[in-house]
Amino acid sequence: MVNCEHLRYLEPPRGSRPSRDLTFKFYTDGKLVIIDNDTGNTMSPRDLSGGSYDFYVRQRIRFIKRDLAEKIMKYA
């Protein structure tokens with residue numbers, strides 16, 4: 001069974017770039033979906049910059065650490 005964790009990130013406007021409203025879906029099988037809530041389009045991590053990229057990296061690291069801890073507990 002594949003579970004999914006939804007996280008929302010609201011990026012404040014910066015200079016001439018407008019704010020972004022993004023949803024990150026982290027699946028337990030390693031899949032990632034990033035949705036721009038304003039347009040409904042999906043994005044890749046390469047499309048991120050600034051605060052949204054930092055948010056993605058921090059959440060990915062947290063997700064990996066938690067997954068490893070769960071596997072260590074399961075197989076220890």
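Rules of the game
Residues numbered from 1 in each chain as written. Predicted model: local features only at pLDDT ≥ 70, side-chain atom pairs only at ≥ 80, totals over all residues. Heavy atoms only, no water. Helix = DSSP H or I, 4+ residues; strand = E, 2+ residues; numbered from the N terminus. Contact = heavy atoms within 4.5 Å. Areas by Shrake-Rupley, 256 points an atom, 1.4 Å probe, with all protein chains shown as cover. Lys, Arg positive; Asp, Glu negative; His and termini not counted. Charge placed at Lys NZ, Arg CZ, Asp CG, Glu CD. Pairing = 2+ DSSP bridges. Axes fitted to C-alpha atoms, helices over the stretch in contact; angles between N-to-C directions. 1 Å grid on protein atoms, 1.4 Å probe; cavity = no way out; pocket = protein on both sides within 12 Å on 5 of 7 lines; lining within 4 Å. Points joined across faces, edges and corners; volume = space filled by probe spheres on them. Nonpolar A, V, L, I, M, F, W, Y, C, P; charged D, E, K, R; others polar. Salt bridge = Lys/Arg side-chain N within 4 Å of Asp/Glu carboxyl O. Buried < 20%, exposed > 50% of the residue type's maximum accessible area, 1.4 Å probe, protein only.

**Focus on the overall build of the protein**
In terms of helices and strands, the protein carries one helix and four strands. For the C-alpha atoms alone, the extent of the protein along its principal axes is close to 50 × 20 × 15 Å. Sequence separation of 24 or more characterises 40% of the internal contacts of the protein that already satisfy a separation of 6 or more. Carbon and sulfur atoms form 55% of the exposed surface of the protein, whose accessible area is close to 5500 Å². Separation of charge centres in the protein, based on 14 positive and 10 negative side chains, amounts to 4 Å.

**Here we look at the sheet that holds strand 4 (residues 42–43)**
Here we have four strands laid out as an open sheet, ordered 1-2-3-4, and antiparallel in their pairing. Unpaired on one side and paired on the other, strand 1 (4–11) and strand 4 mark the two borders of the sheet. The pairing of strand 1 with strand 2 (residues 20–27) spans eight bridges and is antiparallel. Of the residues in strand 2, the one forming a bridge with Leu-10 is Asp-21. Sheet strands touched by helix 1 (residues 50–75): strand 1, strand 2 and strand 3 (32–36). Its angle to strand 1, the strand with the most contacts, is close to 155°.

**Focus on the layout of surface pockets**
The space that makes up the largest pocket amounts to roughly 190 Å³. Around the largest pocket, the lining residues are Asn-3, Cys-4, Glu-5, Phe-26, Thr-28, Phe-63, Arg-66, Asp-67, Glu-70 and Lys-71. At five residues, helix 1 tops the list of elements feeding residues into the lining of the largest pocket. Along the lines of polarity and charge, the residues of the lining of the largest pocket split into three nonpolar, two polar and five charged.

**A few points about the pattern of salt bridges**
Here the structure, examined in full by the defined rule, presents six salt bridges. A salt bridge links Asp-21 to Arg-8; the shortest N-O distance between them is 2.6 Å. Linking Asp-21 in strand 2 with Arg-8 in strand 1, this pair joins segments that are 13 residues apart in sequence. For Arg-8, a relative accessible area of 56% gives the class exposed. A salt bridge links Arg-20 to Glu-11; the nearest nitrogen and oxygen atoms lie 3.4 Å apart. Accessibility classification places Arg-20 together with Glu-11 in one group, the buried group. It is possible to trace a salt-bridge network through shared partners that takes in Glu-5, Arg-62 and Arg-66.

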